[in-house]
Amino acid sequence: MNTRRHRVAVVGAGIGGLSVAAALRRQGIDCEIFEQAAQIGEIGAGIQVAPNAAMLLHRLGMAERLEQVAVRPDATEMRRWDDNRLIASITLGNVCSRRYGAPYYTVHRADLHQALLELVPTASVNLGRRCTGVTEIDDDVELRFEMGGPWRGDVVIGADGIRSAVRAALVSDEPVFSGQIMYRGIIPVKRVRHLADPPKVRLWLGPQQHCVCYPIAGGRLLSFGATAYSGDTNQENWTAAGRIEDLAAAYHGWHDEVQRLIAALDEVRRWALHDRDPITGWRSERVTLVGDAAHPMLPFMAQGANQAIEDAFALAKCLGAVARTDIPAGLTRYQEVRAPRTAEVQCISRENGRLFHLSDDRAQQERDRTMSINQQLRNQEWLFGYDAELAVAI
């Protein structure tokens, strides 16, 4: 383990930022975390933690905690929107765990966030510190904030999401609106028990939209998400309260299973779905990015958080292997390994958005036939079997 004490700042205390902090500590490197929110927490519903991220979280000692709060689904099923016919199924459960060395989990975002937070010293988390600028000065880098004095050190890691202030210091671009919004909510399992037992990730694909559900919180709750088309190209509200009646109207005519899910909701939140075009350069001499700050992606591969966790471990491994004078080389190694992989996942996520939402019946039939052949666990080796730490090792 590297015992050299780099002076590191992480901007953002979401899942990506906390994963970076925990992975750095595992490499013997402490850091300061700066979060713009006045209170720590994580909104949202469920996320899917695939083996490529689960294996890394296990290295932090989180296996027992995940077994307590998460669910191991038996399979991912894709079904048609109108008649509920099965299109394709990917076996998960114990078969997946044996094949890829770690389980596939479904978990509430808040549970994963809290588990990561517990791995980070409380004193290292600075709340109410909105980053306003980043400047490199000789061999140092300085962070400035809306409130409070500046921080100066060796490395700044931007984990501050798709609207990243750190990214703005490196790249001049803007988020891209997908034309889709996402409704998300939580349902007590007792209301729709047949859709939680046996536990599966269930997706219904239909014209211009799709919906998904899966159990979380140890099987007590069901996470629900549903997209809808929006003609508004100037979506400003990234997360806001949604109206169940609008959601129900968007899914009028869909199969009864989908109708039951919507009827079981008490409330929903509404996200405008954005990403950014992939980039090959997200670092300077002393500044780099992780997660949505580096490669925000649409949720149509369920890989956003997984790729952020991969970033965290790869970056920590690179920094742990170098002295202070070689930090730029460590950041270069991190970027050259991570950028091609994350760009591929970004592009596939966009393409899945197109495939999931085909309107033409003939095109749907061809997609369904292809999915029935290709959606197999053995075909996920490139994704689920990837070891982010091993990938950056020289």
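Residues numbered from 1 in each chain as written. Predicted model: local features only at pLDDT ≥ 70, side-chain atom pairs only at ≥ 80, totals over all residues. Heavy atoms only, no water.

## Details of the overall build of the protein
1) Next: In terms of regular secondary structure, the protein is built from 13 helices and 18 strands.
2) Next: In terms of C-alpha radius of gyration, the protein reaches 21 Å, essentially the compact-globule figure of 21 Å for 394 residues.
3) Next: By principal-axis analysis of the C-alpha atoms, the protein measures approximately 65 × 45 × 35 Å.
4) Next: When each of the 394 residues of the protein is scored for burial, the buried share is 56%.
5) Next: Of all intrachain contacts in the protein linking residues separated by at least 6 positions in sequence, the fraction that spans at least 24 positions is 77%. (Helix = DSSP H or I, 4+ residues; strand = E, 2+ residues; numbered from the N terminus. Rg over C-alpha atoms; globule rule 2.2 N^0.38 Å. Buried < 20%, exposed > 50% of the residue type's maximum accessible area, 1.4 Å probe, protein only. Contact = heavy atoms within 4.5 Å.)

## A short note on the packing of helix H9 (residues 304-320) against helix H10 (residues 327-356)
1) Next: Close contact between H9 and H10 brings their axes to 9 Å; oriented N to C, the two are set at 160°. On the basis of their axis angle, the class for H9 and H10 is roughly antiparallel. As H9 packs across H10, the resulting crossing turns out to be right-handed. Contacts between H9 and H10 involve Gln307, Glu310, Asp311, Ala314, Leu315, Cys318 and Leu319 from the first element and Ile327, Gly330, Leu331, Arg333, Tyr334, Arg338, Arg341, Thr342 and Val345 from the second.
2) Next: Partitioned by chemical class, the residues of the contact of H9 with H10 number eight nonpolar, three polar and five charged. (Axes fitted to C-alpha atoms, helices over the stretch in contact; angles between N-to-C directions. Parallel < 35°, antiparallel > 145°, perpendicular 65-115°, else oblique. Left-handed = near helix turned anticlockwise from the far one by under 90°. Nonpolar A, V, L, I, M, F, W, Y, C, P; charged D, E, K, R; others polar.)

## Observations concerning empty space enclosed by the protein
Any space left empty among the atoms is revealed by the rolling of a water-sized probe across them.
1) Next: Going through the model one piece at a time under the given rule, you end up with one cavity of 30 Å³ or more.
2) Next: Considering only residue class, the lining of the largest cavity consists of six nonpolar, three polar and one charged. (1 Å grid on protein atoms, 1.4 Å probe; cavity = no way out; pocket = protein on both sides within 12 Å on 5 of 7 lines; lining within 4 Å. Points joined across faces, edges and corners; volume = space filled by probe spheres on them.)

## Comments concerning the pattern of salt bridges
1) Next: Enumeration over the complete set of coordinates arrives at 34 salt bridges.
2) Next: Residue arginine 243 pairs with glutamate 245 through a salt bridge whose shortest N-O separation is 3.2 Å.
3) Next: Several salt bridges converge on common partners, so that one network encompasses Arg80, Asp82, Arg85, Asp361, Arg367 and Asp368. (Salt bridge = Lys/Arg side-chain N within 4 Å of Asp/Glu carboxyl O.)

## Section: the pairing of strand S11 (residues 155-158)
Side-chain positions along a regular strand alternate between the two faces of the sheet.
1) Next: A two-sided burial pattern is seen for S11, the buried positions comprising Val155 and Ile157 on one face and Val156 and Gly158 on the other.
2) Next: For strand S1 (residues 8-11) and S11, the ladder comprises four bridges, and the chain directions are parallel. Along S11, the bridge assignment pairs alanine 9 with valine 156. (Pairing = 2+ DSSP bridges.)

## A few points about helix H11 (residues 361-374)
1) Next: An ideal rise of 1.5 Å per residue puts 20 Å on 14 residues; H11 measures up with 20 Å between its terminal C-alpha atoms.
2) Next: Gln364, Arg367, Asp368 and Met371 are the residues of H11 that are buried. Buried residues in H11, looked at end-on, bunch into an arc of 100°, giving them a common side.
3) Next: Those residues of H11 that are buried are in contact with strand S4 (75-80), strand S5 (86-91), strand S13 (200-206) and H10.
4) Next: One side-chain oxygen at the N-terminal end of H11 lies 3.2 Å from the backbone nitrogen of arginine 362; it belongs to aspartate 360. (Expected span 1.5 Å × (residues − 1). Arc of directions from axis to C-beta. Polar contact = N/O pair within 3.5 Å; in protein donor to acceptor, adjacent residues only side chain to side chain.)

## A few points about H9
1) Next: With 17 residues, H9 ought to run about 24 Å at 1.5 Å a step, and its terminal C-alpha atoms sit 24 Å apart, in line with that.
2) Next: With 15 of its 17 residues buried, H9 lies for the most part within the structure.

## A few points about the sheet that holds strand S9 (residues 140-145)
1) Next: Pairing is antiparallel in the open sheet, where three strands are placed in the order S8-S9-S10. For this open sheet the edge positions go to strand S8 (131-137) and strand S10 (151-153), each flanked by a neighbour on one side alone. Mean inter-strand twist for the sheet, computed between neighbouring axes without regard to direction, equals 15°.
2) Next: Bridge count between S8 and S9: six bridges; the pairing is antiparallel. Each residue of the ladder has a partner; that of threonine 135, found in S9, is glutamate 142.

## Considerations on the state of the cysteines
1) Next: Inspection of every chain in the model, using the stated rule, returns zero disulfides.
2) Next: The cysteine cysteine 96 is free of any disulfide, with cysteine 213 supplying the nearest cysteine sulfur at 19 Å.
3) Next: What makes cysteine 96 buried here is its relative accessible area of 0%.
4) Next: For cysteine 211, which is in no disulfide, the shortest distance to another cysteine sulfur is to cysteine 213 and amounts to 7.1 Å.
5) Next: Residue classification places cysteine 211 among the buried positions, given a relative accessible area of 0%. (Disulfide = S-S within 2.5 Å.)

## A closer look at the pairing of S5
1) Next: As judged from the five bridges shared by S4 and S5, these two strands associate in the antiparallel manner. Along S5, the bridge assignment pairs glutamate 77 with serine 89.
2) Next: Linking S4 back to S5 in an antiparallel pair, the connection comprises five residues, with asparagine 84 at a positive phi of about 70°.

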